[in-house]
Amino acid sequence: MDNQYTPSMTEAYMPEDGGWSTFKGTPVLLLSFPKFDQLVQIDNRGYSYVWLYDEEMKGHVFCFKLNSGEERALLFKNDHAGKLLLEQEAQALFHIALTSTMLEEIDDDTPLLWLPNIEFTPRPTP
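Residues numbered from 1 in each chain as written. Predicted model: local features only at pLDDT ≥ 70, side-chain atom pairs only at ≥ 80, totals over all residues. Heavy atoms only, no water.

**Q** Quick question: what am I supposed to make of the pairing of strand β4 (residues 59-66) here?
**A** Along a regular strand, successive side chains alternate from one face of the sheet to the other. Summarising burial for β4: 7 of the 8 residues are buried, a large majority. The sheet contact formed by strand β3 (residues 47-54) and β4 spans 8 bridges and is antiparallel. Note on β4: the bridge partner recorded for serine 48 is lysine 65. Counting the residues in the hairpin turn of β3 and β4 gives 4 residues, including lysine 58, whose phi is positive at 55 degrees. Note that β4 and strand β5 (residues 71-77) share 7 bridges and pair antiparallel. By the bridge assignment for β5, lysine 65 is matched with glutamate 71. Taking the residues between adjacent antiparallel strands as the criterion, β4 and β5 are bridged by 4 residues, where glycine 69 takes a positive phi near 105 degrees. (Buried < 20%, exposed > 50% of the residue type's maximum accessible area, 1.4 Å probe, protein only. Helix = DSSP H or I, 4+ residues; strand = E, 2+ residues; numbered from the N terminus. Pairing = 2+ DSSP bridges.)

**Q** Explain the nonpolar core here, please?
**A** Among the nonpolar cores identified, the biggest contains 26 residues, and Phe62, Phe64, Leu98 and Leu115 are the most heavily contacted of them. Within the residue set of this core, elements represented by two or more residues are β2 (26-32), β3, β4, β5, β6 (94-99) and β7 (113-118). Leaving out residues up to four positions away in the same chain, leucine 115 has contacts with Asn44, Tyr47, Phe62, Phe64, Leu66, His95, Ile96 and Leu98. Counting residues in each nonpolar core, the second largest holds 6 residues, with Tyr5, Val50, Cys63 and Leu75 among its members. (Core = buried A, V, L, I, M, F, W, Y, C linked by side-chain atoms within 4.5 Å. Contact = heavy atoms within 4.5 Å.)

**Q** Could you clarify how one ought to interpret the pattern of salt bridges in this entry?
**A** Pairs may arise between side chains of opposite charge once their charged atoms sit close together. Per the stated rule, a full pass over the model turns up 2 salt bridges. Across the pair arginine 45 and aspartate 43 runs a salt bridge, and its minimum N-O distance is 2.5 Å. Relative accessible area serves as the criterion here: at 52%, aspartate 43 is assigned to the exposed category. (Salt bridge = Lys/Arg side-chain N within 4 Å of Asp/Glu carboxyl O.)

**Q** Help me out: how do you make sense of the sheet that holds β7 in this one?
**A** The strands making up a sheet are joined through hydrogen bonds of the backbone, oriented either antiparallel or parallel. As summarised here, the arrangement of the 4 strands in space is β1-β2-β6-β7, forming an open sheet in which the pairing is mixed. With partners counted over all chains shown, the strands left at the sheet margins are β1 (17-23) and β7, one partner each. Taken pair by pair, the neighbouring strands of this sheet meet at an average axis angle of 20 degrees, ignoring direction. The pairing of β2 with β6 spans 5 bridges and is parallel. Note that in β6 the partner of leucine 29 across the bridge is isoleucine 96. (Axes fitted to C-alpha atoms, helices over the stretch in contact; angles between N-to-C directions.)

Written as structure tokens, this is what we have:
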């Protein structure tokens, strides 16, 4: 990952649903974003990311930019999806998988945008 990444996003998206799973022994944070139909179709060939904290929204923001140029910001509000970041799985290296499908409808043919090898590095909260 490129530690020099500076996001240019002006809006962040909140997941509709989320939960932890595993893939080959590594935790995977599976997140559903129904508006990401086209994004999850991209064949990811690499990306950069950074974690930020938004005091106004009271949550962590995961900003990423794919090598294709697509950029998104995901909001993990403290009282919603942010609770997933407090779980043990977020304390070690993990992957994020994004889908536009509701989690209960996922099957082997569901498109996923795979963001591997993420380290949650939270900014201090006030």
